[in-house]
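Survey of secondary and tertiary structure
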Amino acid sequence: MIAYTRRATPLHAARAGAGAAYACALALAVLLIDNPVLLGAIALGTVGAAVGAGVARPLLRLVPTILIVSIPIVVVQVLVSRQGLTVFARLGNLGPFGQGDLTVEALVYGVVIALKVAVLMLATALASMTVDPDELLRVYRRLAFRPALTASLATRMVPVLLDDARRLAEAQRTRPPAPGVARGSRMQRMRDAGRLVHASVAGALDRSLDVAAILELRGFEGARSAPRRSRPRSRHDLSFMTAALLLSGLAIADRIANLAPFATYPLVHLPARAWTVALAAALPALMLAPFLDRRGVAA
Amino acid sequence: MTLLELDRVGYRYPNTAVPALRDVQVAVEAGEFVVLAGHSGQGKSTLLRAACGLVPHFHGGEFAGRVRLAGLDTREHGPAQLGALVGVLFQDPESQLVMNTVRAELALALENRGGSELQVARGVEEAALALGIESLLDRPVRELSGGEKQRVALGAALAGRPRLLLLDEPTSQLDPVAGDELIGLLRRLNEEWDVAVVLAEHRLERCLAVADRVIAMEGGRIVHDGEPGAFLDWAASAAPALQTPAARMFAQVGLRPPPVGVRQARAVLRTHGLLDPETSAAPAPAPKRPARGRGSAALELRGVWHEIPRGPAILRGVSLRVDAGETVALMGRNGAGKSTLLRHAAGLMAPTRGKLSSAGRVALLLQNPSDYLLHDRVADEADAETLAREGLAGLAERNPRDLSGGERQRLALAIVTAGEPPAVLALDEPTRGMDREAKGRLAERLRARARGGEAVLVATHDSEFAASCAERAILMAEGRILADGPVADVLSGGWYFATETARVLGPAGLRPEEGAALLRARMAGTTQELLA
């Protein structure tokens, strides 16, 4: 399950703000960098960070989902792009879609986009599993109390309501079939689904009333914004913030100065430059460096 | 000093005809430990909600009289303001935890009330230490057990150091170990922090020994208010179903005073020379193996395992045979594997190893009867014949969600047993939140079903209920069967999985009636000795 659990790792030991900054820097780098070698390096760094944060196994469970999202991106790009000069397959005249010439450049472009999407998904999942949502939303609560508390409630209650729905479905399975309607028939399944939705909504409303009563007693009505915390910055806060800053800096520098040039159209252009090699080594090193210091990581 | 005062309070929920509270006059002093007793639906929960301002501010309805909490009138001060003075704990911990981590949960109320960083941090730390949950502070709430969640909810209620704690059946979803721990914790908070406690509870034998006072309610009125001993005296004549098992046993043999706990019961028996020190302190006898092949097997499990991929084994080689017409209680703490075993029996889960067979349909009643209620009319949930069999014919036009807990339980039972009678009826914690009278009726219905040839398998934490309905008991732990034998052997001689009568008398008696018979025999023996 993609959900936060406190583990004894440097990323979990860092404050939520530092963890979120690290994940945002990762996402920014993915959005700004187009060079597939660098993207591959960031992907490797992300997997390494997942290993360092002890969440590699749940992250790997995302791979089928990532493939489901990424493969159509590549296929659609190859089919619809009319750019590129290196044709690797001719599908002939496709009527209103014109000539169906598939090019290597469109394929590479599709792979780059799919890689970006994949790394973004991995970075988001990594953040979900390593950044304490309550601590993060607490910061947000200082700015906008009610929306932030609603977000906290949603992250807490969605799994509870899913459990409720699972229980209801289980109870439904233990009911003997209605007379004259075979178990498993389409009609029965449709009726079951409709009733289940009805019962789930009724149950969710009941639960929301209980939660509302508790919130009333916890002072929701007259709530004030959470006090600012003045915790000293830990070594892990500092190292992840520094990594985030440097990662963002390198990504911005690459974007502005085109340090690792790459182009897909009309021909794939990926020159071997010292900067490309240096960045490909520096990016994952930067991402993984904060994980080397494991002092004081336990809760 | 009076902390809570209800002055001629009457209350009617919106769109209902019957008042939930009638002319309630009661006061709770600072530092008192008060137990609220009464059957389901008699106004205990409503009284607690009135005490914290949820009635009428949150629920609406018609309200009469005055409620004052530390001098604040609840008509003028809402729950948000009263929340600083009162902590509240309801039955279901899942609905009381609104944040993702324990630390954030404990901090929320303090932050909402504008506590400084230091006050919040200190409040969280002290509440966590008081409840022994400091090791849970950084754990996600969803990973906690039921008992841990209830402790965290109590911690959240205590974080602001309230002067009054209101608890509505907080142990109903806990196993005996976690339930006893929670009551012990409440007593410690009451003694060490001087927090006044008002606790609504059905299992009175669990909490009378720690109470200063018992208030009994019936029909929204207070019908008794006095010390625990006086309450048991009153209950013996006015409300026998509210008596504890030990008090019922004493009443049957005319022993006085009625005991408020096991310790007092044993002290009284010792004084009268009726306690056999040998047998009463004896360890649990080795249960005799259940007789095999005495009837036809209704359900048989042979070496059943259930192993979670990359997780623990929930069942570990369970072998079990239940015969037609047999009633078996399945006991053990939370997580012992009872529910998983029942799910396997009903075909909701498949064993990863081993074999399972049944002589016919296995009807399973899961823990929450509300999960079965999908329609807006009782008559749509089950056929008329089944409803009549469960005594629900008169409720056919009612909305199932408006039924009482006991009625919902009967309706859910009607739903799962509709049509052809099942070969096996399996019930998972069917007595949660039920009062003693409703439990008695359920036990009688289950015995009747067993007499009709169904095999009945009940997973329960309630030793008294198990003793009243089952002939055989199975004790489970960590997915294994620890003991399997006659209920009299399994439910005696232990501390947690034993009836109150057995804890008083030892393995010699399980139910109050058996205990009373034993005491009568001892009394006769003592008299003869004196005469001789």
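Computed from a predicted structure; not experimentally measured.

1. Re the overall build of chain B
Each helix and strand counted, chain B has 20 helices and 19 strands in total. Relative to its length of 532 residues, chain B is compact, with a C-alpha radius of gyration of 24 Å against a globular reference of 24 Å. Expressed along its principal axes, the backbone C-alpha trace of chain B runs to roughly 70 × 70 × 50 Å. Scored against the burial criterion, the 532 residues of chain B give a buried share of 56%.

2. Focus on the overall build of chain A
Per the secondary structure count, chain A includes 11 helices and 2 strands. Seen through its C-alpha atoms, chain A measures out along the principal axes to roughly 65 × 65 × 30 Å. Looking at chain A residue by residue over its 299 residues, the buried ones come to 35%. Excluding contacts between residues fewer than 6 apart, the proportion of contacts in chain A whose partners are at least 24 apart in sequence is 78%.

3. Here we look at the interface of chain A and chain B
Facing the 47 residues of chain A at the interface are 48 residues of chain B. Contributions of two or more residues to the side of chain A that touches chain B are made by helix H7 (133-141), helix H8 (145-174) and helix H9 (186-217) of chain A. Of the residues contributing to the side of chain A that touches chain B, the split by class is 21 nonpolar, 8 polar and 18 charged.

4. With respect to the packing of helix H10 (residues 235-257) of chain A against helix H11 (residues 274-288) of chain A
Two quantities define a packed helix pair, namely the angle between the helix axes and the distance between the axes. All names here are of chain A. Direction vectors running N to C along H10 and H11 enclose 155°, while the axes themselves pass 9 Å from each other. Between H10 and H11, the interaxial angle falls into the category roughly antiparallel. For the pair H10 and H11, the crossing hand works out as left-handed. Residue-level inspection shows Ala243, Leu246, Leu247, Leu250 and Asp254 of H10 in contact with H11, the latter providing Leu279, Ala282, Leu283, Leu286 and Met287. Taken together, the residues of the contact of H10 with H11 break down into 9 nonpolar, no polar and 1 charged.

5. Topic: the nonpolar core
Residues Ala51, Val424, Ala426, Leu457 and Leu491 of chain B are the most contacted members of the largest nonpolar core, which totals 186 residues. Sort the elements by how many residues they give to this core and helix H4 (residues 102-112) of chain B lands first, with 7 residues. Contact partners of Leu491 of chain B, with chain neighbours within four places excluded, come to Ser463, Ala466, Ala467, Ala473, Phe497, Ala498, Thr499, Ala502 and Leu510 of chain B. One finds Ala13, Leu26, Ala29 and Ala127 of chain A within the second-largest nonpolar core, a separate group that totals 56 residues.

6. As for the sheet that holds strand E15 (residues 362-365) of chain B
Residue and element names in this part refer to chain B. Taken together, 6 strands build an open sheet; the order of strands is E15-E16-E17-E13-E18-E19 and the sheet is mixed. In this open sheet, the two strands that pair with only one neighbour each are E15 and strand E19 (480-486). The mean angle between the axes of side-by-side strands here comes to 15°, regardless of whether they run parallel or antiparallel. Two elements, strand E13 (residues 327-331) and strand E18 (residues 472-477), share 4 bridges in a ladder whose sense is parallel. If you follow Ala329 over to E18, its bridge partner there is Ala473. Packed onto the sheet, helix H16 (residues 436-451) meets E13, strand E16 (424-428) and strand E17 (455-459) and runs at close to 150° relative to E17.

7. Side note on the environment of Glu126 of chain B
Residues and elements named next belong to chain B. Along the polypeptide, Glu126 turns up in helix H5 (residues 117-131). For Glu126, a count of 16 C-beta atoms within 10 Å translates into the label partly exposed. Through-space distance from the C-alpha of Glu126 to that of Gly433 is 31 Å; in sequence the pair is 307 residues apart.

8. Looking at helix H9 (residues 245-253) of chain B
Residues and elements named next belong to chain B. Counting buried positions along H9 gives 7 out of 9 residues, so the element sits mostly inside the fold. Those residues of H9 that sit buried are Pro245, Ala246, Ala247, Arg248, Met249, Phe250 and Ala251. Phi turns positive, to about 75°, at Gly254, one or two residues after H9.

9. Some points on the sheet that holds strand E3 (residues 33-37) of chain B
Residues and elements named next belong to chain B. Spatial ordering of the open sheet is given by E6-E7-E8-E3-E9-E10, a layout of 6 strands whose pairing is mixed. The sheet is open, and its two borders are formed by strand E6 (86-89) and strand E10 (221-226), each paired with just one other strand. Pairwise comparison of adjacent strand axes, ignoring direction, gives a mean angle of 15° for this sheet. The pairing of strand E9 (residues 213-218) with E10 spans 5 bridges and is classified as antiparallel. Residue pairing for E10: Val214 is matched across the bridge by Gly226. The sheet contacts of helix H6 (residues 146-158) involve E6 and strand E7 (164-168), and relative to E6 the element is tilted by about 165°.

10. Side note on the packing of H4 of chain B against H5 of chain B
All names here are of chain B. At a minimum axis separation of 9 Å, H4 and H5 run at an interaxial angle of 130°. With respect to each other, H4 and H5 are oriented oblique. Here H4 runs over H5; the crossing is right-handed. For the pair H4 and H5, contact is made by Arg103, Leu106, Ala107, Leu110 and Glu111 and by Gln119, Val120, Gly123, Val124, Ala127 and Ala128, respectively.

11. Comments concerning the pairing of E19 of chain B
Residues and elements named next belong to chain B. Here E18 runs beside E19; their pairing, made up of 6 bridges, is antiparallel. Residue Met476 lies in a different strand from E19, and its bridge partner there is Ile481. Between E18 and the antiparallel strand that follows it, E19, lie 2 residues; Glu478 among them carries a positive phi value of about 50°.

12. Digging into unusual backbone geometry
Of the consecutive residues Tyr265 of chain A and Pro266 of chain A, the connecting peptide bond is found in the cis state with omega at 0°. Structurally, Pro266 of chain A is set in the loop between H10 and H11. Pro257 of chain B follows Arg256 of chain B through a cis peptide bond whose omega is -5°. Looking at the element boundaries, Pro257 of chain B is found in the loop between H9 and helix H10 (262-271). One non-glycine residue, Asp23 of chain B, lies in positive phi territory at about 50°. Mapped onto the elements of the fold, Asp23 of chain B is located in strand E2 (residues 21-29). For Arg161 of chain B, which is not glycine, the phi dihedral falls at a positive 50°. Take Arg161 of chain B: it is sitting in the loop between H6 and E7. On the basis of neighbour count, Arg161 of chain B is assigned to the partly exposed category, with 15 C-beta atoms found within 10 Å.

13. Some thoughts on the environment of Ala426 of chain B
Residue and element names in this part refer to chain B. Relative to the helices and strands, Ala426 is located in strand E16. Ala426 sits in the buried class, given 29 other C-beta atoms within 10 Å. Residues Ala426 and Val328, spaced 98 residues apart in sequence, show a C-alpha to C-alpha distance of 9.5 Å.

Rules used in this analysis
Residues numbered from 1 in each chain as written. Chains lettered and ligands numbered in written order. Predicted model: local features only at pLDDT ≥ 70, side-chain atom pairs only at ≥ 80, totals over all residues. Helix = DSSP H or I, 4+ residues; strand = E, 2+ residues; numbered from the N terminus. Rg over C-alpha atoms; globule rule 2.2 N^0.38 Å. Buried ≥ 20, exposed ≤ 12 C-beta atoms within 10 Å, placed from the backbone. Contact = placed C-beta atoms within 7 Å. Nonpolar A, V, L, I, M, F, W, Y, C, P; charged D, E, K, R; others polar. Axes fitted to C-alpha atoms, helices over the stretch in contact; angles between N-to-C directions. Parallel < 35°, antiparallel > 145°, perpendicular 65-115°, else oblique. Left-handed = near helix turned anticlockwise from the far one by under 90°. Core = buried A, V, L, I, M, F, W, Y, C linked by C-beta atoms within 7 Å. Pairing = 2+ DSSP bridges.

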